[in-house]
Amino acid sequence: MTAPIEARVALVTGGSRGLGAGIVEDLLAQGYAVATCSRSRTDQVEVWEKEFPDRFSFLSADVSVEADATRYVKDVVQRWGRIDVLVNNAGVAGEGMIALTDDGLIDRVVDLNIKGTLYVTRAASRTMLARRSGAIVNISSVVGLSGYRGLSVYSATKAALDGMTRSLARELGSRGITVNSVAPGYLRTEMSHGLDEDQLKQIERRTPLGRLGDAQDVARVVSFLVSPDNKFMTGQVLVVDGGLSS
Ligand code: NAP
């Protein structure tokens, strides 16, 4: 049985800024209790703590570290009693030509984007399995589908997330748990600061809807996927890129 939104608890990783903050904001606006984590606090976190003392919680956690990720999920279950929605949003890009890429960059990107997502999902799925309901969204990227010069490590991890989504949808579907990926195009967040103005203008020109995306564009799609209105969509990769890849 799917609980009404007011009784539902959502865990969003990396919600202190950027896209994650947009997803937290949207879920709070709809009445969810929202737990989020990142390595450091932001002013936005303080605002939510004051505004929603009974519906919002933040803890520092590095989800690329197994013990931290598992402890964080345990803390959320202890505080809120359940997890209905998991949004695996925390991610890092790491740019560079493959021939010049050092081990540190590969480890950083793989450890957070793939291993961190697996650690959090493993721990959260245990509580969802026990309740026989839940919704998981993995934030992947159009770069995992179409590729981008200088982002081979990042795109490898994002394609991996889409594979994970499809397998988990098959594994967890019979227990009432949906698993989908949302693959954003280029958004104006700190992550896209690596792109120069010319690259951003070129992306805008090539995008049928004529602009870069913002966090709200993507958050609305995530909110639908995890809502009680999504009764039959699982194992899918939803591209939210203003038509760039169409
Ligand atoms: P962002 O602005 O860099 O924000 C990343 C968030 O994740 C921050 O809250 C950050 O906080 C947190 N984080 C980073 N490392 C972490 C760790 N080890 N443990 C826990 N939290 C961690 O990035 P964004 O642009 O919002 O990206 C969010 C997601 O969207 C990522 O998965 C990204 O790949 C995906 N995406 C982004 C774009 C884009 O154009 N921006 C496009 C497609 C997909 P701390 O640094 O304090 O930990």
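Our structure's up above, just so we're on the same page.
First things first, this report covers the structure right here in the doc.

Conventions and cut-offs
- Residues numbered from 1 in each chain as written.
- Predicted model: local features only at pLDDT ≥ 70, side-chain atom pairs only at ≥ 80, totals over all residues.
- Heavy atoms only, no water.
- 1 Å grid on protein atoms, 1.4 Å probe; cavity = no way out; pocket = protein on both sides within 12 Å on 5 of 7 lines; lining within 4 Å.
- Points joined across faces, edges and corners; volume = space filled by probe spheres on them.
- Helix = DSSP H or I, 4+ residues; strand = E, 2+ residues; numbered from the N terminus.
- Nonpolar A, V, L, I, M, F, W, Y, C, P; charged D, E, K, R; others polar.
- Near = heavy atom within 4 Å.
- Areas by Shrake-Rupley, 256 points an atom, 1.4 Å probe, with all protein chains shown as cover.
- Sits in = over half its atoms within 2 Å of the grid points.
- Expected span 1.5 Å × (residues − 1).
- Buried < 20%, exposed > 50% of the residue type's maximum accessible area, 1.4 Å probe, protein only.
- Arc of directions from axis to C-beta.
- Contact = heavy atoms within 4.5 Å.

1. Focus on empty space enclosed by the protein
With a probe scaled to a water molecule rolled over the atoms, the places where space remains empty come into view. Here the structure, examined in full by the defined rule, presents 1 cavity of 30 Å³ or more. Estimates place the volume of the largest cavity at around 30 Å³. In this structure, the largest cavity is lined by Thr13, Val63, Asn88, Asn89, Ala90, Gly116, Thr117 and Val120. If you tally residues by element for the lining of the largest cavity, the top one is helix 4 (residues 103-131), at 3 residues. Its residues assigned to classes, the lining of the largest cavity comprises 3 nonpolar, 5 polar and no charged.

2. Digging into the site of the ligand
Surveying the vicinity of the ligand reveals 27 residues, the closest of which are Ser16, Arg17, Asn89, Tyr154 and Thr189. Here the ligand, which alone exposes 880 Å², has 95% of that area covered by the protein. Taking a 2 Å distance to the grid points as the criterion, the majority of the atoms of the ligand fall inside the largest pocket. Within the residue set of the shell around the ligand, elements represented by two or more residues are helix 1 (18-29) and helix 6 (152-172).

3. Comments concerning helix 3 (residues 66-80)
Over its 15 residues, helix 3 runs 21 Å from end to end, which matches the ideal 21 Å to within 8%, given 1.5 Å per residue. Of all the residues in helix 3, the buried ones are Ala69, Tyr72, Val73, Val76 and Trp80. One side of helix 3 holds all its buried residues, which, seen down the axis, span an arc of 95°. Exposed and oriented more than 90 degrees from the buried face of helix 3 are Ala67, Lys74 and Gln78. Buried-residue contacts for helix 3 involve strand 1 (9-13), strand 2 (33-38), strand 3 (56-60) and helix 4. Positive phi appears at Gly81, one or two residues downstream of helix 3, with a value of about 85°.

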